[in-house]
Amino acid sequence: MNPQVTELLQSFETDSKSPRLKYNDFLAHVYTSFDKYISLCRSDRMMNKYKQMRNSVLGYIAINEKEIIKRL
């Protein structure tokens, strides 16, 4: 599994009980986590780096949805 996804899974907490709601909450967690990094960056180069990283992680999560749901 992607090391970034593993790190985000460890920092994720939710009160939802349904696996689908947990997955949706996790997607929101990933997006907001990277959004914090992006908002703290001053240079466009670093912003683009984190935006590309966010997009690749979200793509990985979308492709491996069933595995992510199992780990939540």
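Refer to the preceding data block for the structure.
All chains use their own residue numbering, which begins from 1 and follows the written sequence. Thresholds applied to this predicted model are a pLDDT of at least 70 for local features of residues and 80 or more for the giving and counting of side-chain atom pairs; totals over whole chains, interfaces and linings are not thresholded and use all residues. As a rule here, side-chain values come from all non-hydrogen atoms in the structure, and water together with hydrogens is ignored.

Caption draft 1: Here's a closer look at the nonpolar core. For the purposes of this section, nonpolar cores are sets of buried Ala, Val, Leu, Ile, Met, Phe, Trp, Tyr and Cys residues that join through side-chain atoms within 4.5 Å. Only protein chains enter the accessibility calculation, which uses a 1.4 Å probe. A residue is then buried if its area is under 20% of the maximum for its type, exposed if over 50%, and partly exposed in between. Membership of the largest hydrophobic core comes to 15 residues, with the highest contact counts inside it found for V5, F26, V30, F34, V57 and I61. Strands are runs of DSSP state E lasting at least two residues, helices are runs of H or I lasting at least four, and both sets are numbered from the N terminus onward. Residue assignment for this core shows that the elements contributing at least two residues are helix 1 (3–10), helix 2 (19–40) and helix 3 (44–63). Ranked by residue count, the leading element in this core is helix 2, at five residues. Residue contacts follow a heavy-atom distance rule, with two residues in contact if any of their heavy atoms lie within 4.5 Å. Sequence-distant contacts of F34, that is, excluding residues within four places in its chain, are made with L8, Y50, M53, R54 and V57.

Caption draft 2: How the structure looks around the environment of T6. Here T6 lies in helix 1. We classify T6 as partly exposed; its relative accessible area is 27%. In the structure, T6 is positioned 62 residues away from I68 in sequence and 9.6 Å away in space, judged by C-alpha atoms.

This is a description of form; function is not addressed.
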